[in-house]
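One-letter residues, chain by chain:
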Amino acid sequence: MSNIGFIGLGNMGFPMAQNLAKEKQHNIYVFDLNIETLKKNLWPENVVPTNDLSELATNSDTVITCLPDISIVQEVYYGNKGILSNLKEGTLAIDMSSSDPHLTIELGNTLTKMGVDLIDAPVSGGVKKAISGELAILVGGDKPNVEKAMPTLTLMGGKIIHTGSLGSGQACKCLNNLCSATGLLVVAEALSLAEKFGVMPDTFIDVLNYSSGKNNSTENKFHQFILSEKFNSGFRMDLMNKDILTALNLANSLKVDFSLSKTSIDKWKRAENELELGCDHTEIAGWQRKLS
Ligand code: NAD
């Protein structure tokens, strides 16, 4: 039975680590700064909640991170209390955070020097699929490392796609979220206009869902989180903005015309500045309705 260290037990990481633990194929050391998540009664017996990162590092054959952004992943590996010096040679590091493709390559180079192999494996599907273990997992890295990770990833994902070399999972992830964010925003704008014309909001979303204008947000977010005014999808607006800004930086670095996307990214940033800190990303549609 191999040992896994899992760092970052938030909206996504907590159910993902629970799914890893369920099959009882591994001993799992779990860590988060939020000590509430480390209560023993939350976990089955093959899980060791620890508030000591070095204990997690020395005991792990595989280390998984599911953290807000790359700066925190870097901090965990080589910050003041970083785990890098405690890892065994040959450890496999899997970063399942949504992060930055270029900085992931840099992180990989640093880890390689210490004998640690990195793959990036960001996820899509939200909290619902994190709980059901049906996430899409976008994996970048060398084939042998990806193959080594596969049995672990299949415990959390329904579809695992090897996207190419290290960082490519992150490139695909931020571009996926750009498409998702822009799709949500354009529907929010169209909805404001439909409402002004006198069409009922629920009716308009039904129109899209039975017509060619539908997308993931019309099917899975508008009735559920936006028109219900629950705004509780479990994915924060600042995390969405981090991802779409990463996409813009990538476009700039590779000199791709991004004029349409840039307009969407600017409007998302404006919404974040005007809304409450830490709000759910679906709040942008409520914000848009009030603009009109
Ligand atoms: P979250 O904020 O709910 O969870 C992050 C967790 O990391 C928190 O529990 C926090 O306490 C912990 N943390 C922060 N700094 C830490 C540190 N230095 N050491 C240990 N733990 C630390 O975020 P989330 O929604 O679970 O997202 C995690 C990652 O997954 C992000 O990169 C996000 O963009 C991505 N993601 C989220 C969703 C979603 O629907 N929520 C979907 C796909 C991808």
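About the thresholds
Residues numbered from 1 in each chain as written. Predicted model: local features only at pLDDT ≥ 70, side-chain atom pairs only at ≥ 80, totals over all residues. Heavy atoms only, no water. Salt bridge = Lys/Arg side-chain N within 4 Å of Asp/Glu carboxyl O. Core = buried A, V, L, I, M, F, W, Y, C linked by side-chain atoms within 4.5 Å. Buried < 20%, exposed > 50% of the residue type's maximum accessible area, 1.4 Å probe, protein only. Helix = DSSP H or I, 4+ residues; strand = E, 2+ residues; numbered from the N terminus. Domains from an automatic or database assignment. Contact = heavy atoms within 4.5 Å. Buried area = accessible area lost by both parts, 1.4 Å probe. Polar contact = N/O pair within 3.5 Å; in protein donor to acceptor, adjacent residues only side chain to side chain.

Some thoughts on the pattern of salt bridges
Item 1. By the definition in use, this model includes 11 salt bridges.
Item 2. Between D243 and K242 there is a salt bridge, with its nearest N and O atoms 3.5 Å apart.

Considering the nonpolar core
Item 1. Judged by nonpolar contacts, the single largest core of 32 residues is most densely connected at L184, I205, F222, I244, W268 and I284.
Item 2. Residue assignment for this core shows that the elements contributing at least two residues are helix 7 (168-197), helix 8 (201-209), helix 10 (222-227), helix 11 (237-253), helix 12 (259-274) and helix 13 (283-291).
Item 3. Ranked by the residues each element gives to this core, the list is headed by helix 7, at 10 residues.
Item 4. Grouped together as the second largest cluster of nonpolar side chains are 30 residues, M12, A17, W43 and L135 included.

Points about the domain arrangement of the protein
Item 1. As far as domains go, the protein holds domain 1 (2-164) and domain 2 (171-291).
Item 2. Using only C-alpha atoms to locate each centre, domain 1 and domain 2 end up separated by 28 Å.
Item 3. Contacts between the two partners involve 14 residues from domain 1, matched on the other side by 12 residues from domain 2.
Item 4. Between domain 1 and domain 2, a total of about 1000 Å² is buried, with carbon and sulfur atoms accounting for 59% of that surface.
Item 5. On the domain 1 side of the contact with domain 2, S98, P101 and H102 bury the most area, a combined 36% of that side's loss.
Item 6. Where domain 1 packs against domain 2, one counts five residue pairs in polar contact (both at pLDDT 80 or more).
Item 7. Contributing elements (two or more residues each) for the side of domain 1 that touches domain 2: helix 4 (101-113) and strand 7 (123-124).

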